[in-house]
Amino acid sequence: MRVDLFDFELPERLIALRPAEPRESARLLVVRPAGAPALEDRRVGDLPFLLRPGDVLVVNDTQVVPARLIGERRRGAAAARVEATLHRREGENLWRAFARPAKRLRAGETIAFSRGTARLEAEIVEKGEDGELLLRFSASGAALDRALEDVGQMPLPPYIASRRAQDERDRADYQTIFAQRSGAVAAPTASLHFTPALVGALEARGVVLERVTLHVGAGTFLPVKAEDTSGHEMHAEWGEISVATTQRLNAVRAAGGRVVAAGTTSLRILESAAREDGTIAPFSGETKIFITPGYRFRAVDVLMTNFHLPRSTLFMLVSAFSGLDAMRAAYAHAIADNYRFYSYGDACVLFPDRA
């Protein structure tokens, strides 16, 4: 499909720079392509009333790494400031990163990253033509994770980082309450709306929560530069669904319950693990799943998600789920009614166009 079909104009004033407080007070647009009313304005706190007893809500338990690093490269007496954003872990002490400015960096050089009194060094093992680096850090495993917590900053998306300075509040705001497994360089933003009170209300409603893992990569923010969707290649992301989780999910489906994905990350790992008959298999590994209109969803019945960037793979995904016409109408409504967009913004609940 032509990529320009997924374009739209968004006023900058609608880009949320902070999350709603309290989280569940964020607005929630309900999109029912095959029902009436087609669009319904609610609040995230209304989610339990939109789901049924026996449904299962699948959340992503990935934890965001403080992946933005500021450092210095020394060459003799000369020093140069370097900013690196980690985007993919390759080993116990290896990360791939995008660096700025990368032009003068060389393989074999060392970068000293620091924040306050904390310090961490990394050797440039490889340098790609696109400015990507492979970094070997001086710490490894859990020690590296702790060092990154001390040295790094949260990797806020460009549309926030370019408009205000990052602060300590972002360390909590850009992390979900489900975060357990370190490895993401972007938050699974739909789950940023959840609080213990909302989870309690869902459980009281009879909705079961299940956890999967997808370590969100930097590719989630990369624009689709191709003119046609067939020319775009997705970046790989690592994910996992345990045997026990698949057994419980399949039991819910068999009993007539619905699988509700909290966010496109949960949906992508579920669909990556789905069999032709709609059952979900255990999964551990990488996925490059690219979902565009025409895709047949097998594992997910309902999707809760934030509002996405124009011409993005995520807007293509939601258009595949609820239909391009329905999503263009939904986004036009959201813009006209001053919904807040993107990572810290409002959300929507989508029902499939087949429902």
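Residues numbered from 1 in each chain as written. Predicted model: local features only at pLDDT ≥ 70, side-chain atom pairs only at ≥ 80, totals over all residues. Heavy atoms only, no water.

K.L.:
Describe the overall build of the chain, naming the residues involved and giving the relevant values.
P.N.:
From N to C terminus, the chain includes nine helices and 17 strands. Its C-alpha atoms give the chain a radius of gyration of 21 Å, within 12% of the compact-globule value 20 Å for 355 residues. Judged by the C-alpha coordinates and their principal axes, the chain covers about 70 × 45 × 40 Å. The burial tally for the chain puts 54% of its 355 residues in the buried class. Across the chain, every contact between residues at least 6 apart in sequence was considered, and the portion connecting residues at least 24 apart equals 71%. Of the accessible surface of the chain, which amounts to about 15200 Å², a share of 50% is contributed by carbon and sulfur atoms. Considering the chain, the positive charge centre built from 46 side chains and the negative charge centre built from 45 side chains are found 3 Å apart. (Helix = DSSP H or I, 4+ residues; strand = E, 2+ residues; numbered from the N terminus. Rg over C-alpha atoms; globule rule 2.2 N^0.38 Å. Buried < 20%, exposed > 50% of the residue type's maximum accessible area, 1.4 Å probe, protein only. Contact = heavy atoms within 4.5 Å. Areas by Shrake-Rupley, 256 points an atom, 1.4 Å probe, with all protein chains shown as cover. Lys, Arg positive; Asp, Glu negative; His and termini not counted. Charge placed at Lys NZ, Arg CZ, Asp CG, Glu CD.)

K.L.:
Help me get a handle on the pairing of strand 13 (residues 237-241), residues and values and all.
P.N.:
Side chains of strand 13 alternate between two faces, with E237, G239 and I241 buried and W238 and E240 left unburied. Of the strand pairs in this sheet, strand 12 (residues 208-214) and strand 13 are connected by two bridges, and their pairing is antiparallel. Note on strand 13: the bridge partner recorded for T213 is E240. The pairing of strand 13 with strand 15 (residues 283-287) spans five bridges and is antiparallel. Its bridge partner being in strand 15, I241 is matched across the sheet by F283. (Pairing = 2+ DSSP bridges.)

K.L.:
Now, about the nonpolar core: what can you tell me, with residues and values included?
P.N.:
Counting 62 residues, the largest nonpolar core has Y174, L267, L270 and F341 as the members making the most contacts within it. Counting residues in each nonpolar core, the second largest holds 27 residues, with L86, A99, I111 and V151 among its members. (Core = buried A, V, L, I, M, F, W, Y, C linked by side-chain atoms within 4.5 Å.)

K.L.:
Can you tell me about unusual backbone geometry, naming the residues and giving the values?
P.N.:
That bond from E21 to P22 is cis: its omega, -10°, falls within 30 degrees of zero. Along the chain, R100 connects to P101 via a cis peptide bond; the corresponding omega equals -15°. Relative to the elements of secondary structure, P101 occurs in the loop between strand 7 (94-100) and strand 8 (110-115). We note that R311 has phi near 60°; this positive angle belongs to a residue other than glycine.

K.L.:
Tell me what's going on with helix 2 (residues 141-151), and back it up with residues and numbers.
P.N.:
Residues of helix 2 that are buried include every one of G141, L144, A147, L148 and V151, and no others. Buried positions in helix 2, seen along its axis, are confined to an arc of 100° and lie on one side of it. In this structure, the buried side of helix 2 is in contact with strand 5 (68-75), strand 6 (78-89), strand 7, strand 8, strand 9 (118-127) and strand 10 (132-137). (Arc of directions from axis to C-beta.)

K.L.:
Describe the side chain of H193, naming the residues involved and giving the relevant values.
P.N.:
Structurally, H193 is set in the loop between strand 11 (181-184) and helix 5 (196-205). Of the polar contacts made by the side chain of H193, one reaches the side chain of N306; its length is 3.0 Å. Side-chain polar atoms of H193 contact the backbone oxygen of G345, separated by 3.3 Å. Apart from residues no more than four positions distant in its own chain, H193 is found in contact with R23, E24, A26, V44, L198, M304, N306, G345, D346 and A347. (Polar contact = N/O pair within 3.5 Å; in protein donor to acceptor, adjacent residues only side chain to side chain.)

K.L.:
Report on the packing of helix 7 (residues 264-273) against helix 8 (residues 313-322), specifying residues and quantitative values.
P.N.:
The geometry of helix 7 relative to helix 8 is characterised by a closest axis approach of 11 Å and an angle of 70° between their N-to-C directions. Between helix 7 and helix 8, the angle falls in the class roughly perpendicular. Crossing of helix 7 over helix 8 shows left-handed handedness. Residues T264, L267 and R268 of helix 7 form the contact with helix 8, whose own contacting residues are L314, L317 and F321. (Axes fitted to C-alpha atoms, helices over the stretch in contact; angles between N-to-C directions. Parallel < 35°, antiparallel > 145°, perpendicular 65-115°, else oblique. Left-handed = near helix turned anticlockwise from the far one by under 90°.)

K.L.:
Describe the sheet that holds strand 6, listing the residues and the values that go with them.
P.N.:
The strand order 5-6-7-10-9-8 describes a closed barrel built from six strands, whose pairing is antiparallel. Across the sheet, the mean angle separating the axes of adjacent strands is 45° when strand polarity is ignored. Here five bridges tie strand 9 to strand 10, and the two strands are oriented antiparallel to one another. Bridge pairing links I124 to L135 in strand 10. Of the strands in this sheet, strand 5, strand 6, strand 7, strand 8, strand 9 and strand 10 touch helix 2, which is tilted by about 115° from strand 9.

K.L.:
An account of the packing of aromatic side chains is requested, with residue identities and associated values reported.
P.N.:
A complete count under the given rule lists 15 aromatic pairs for this structure. Taking the centre distance of 5.3 Å and the plane angle of 65° together, the rings of F8 and F315 count as edge-to-face. Of this pair, F8 sits in the segment before strand 1 (27-31) while F315 sits in helix 8, and the two are 307 residues apart along the sequence. Relative to F341, the ring of Y331 lies with its centre 5.7 Å away and its plane at 80°, an arrangement referred to as edge-to-face. With Y331 in helix 9 (residues 324-336) and F341 in the loop between helix 9 and strand 17 (347-350), this residue pair connects regions lying 10 residues apart in the sequence. Taken as a pair, Y331 and F341 share a single burial class, namely buried. The structure contains a cluster of three or more aromatic residues connected by ring pairs, namely F6, F8, Y159, F307, F315, Y331, Y339, F341 and Y342. The side chain of R27 reaches across the aromatic face of Y339, ending 3.9 Å from its centre. (Phe/Tyr/Trp six-rings, centres within 6.5 Å; stacked < 30°, edge-to-face > 60°. Lys NZ or Arg CZ within 6 Å of the ring centre and 35° of its normal.)

K.L.:
For helix 7, give the residues involved together with the corresponding values.
P.N.:
The buried count for helix 7 comes to nine of 10 residues, which makes it a mostly enclosed element. Along helix 7, the residues that are buried comprise T264, T265, S266, L267, R268, I269, L270, E271 and A273.

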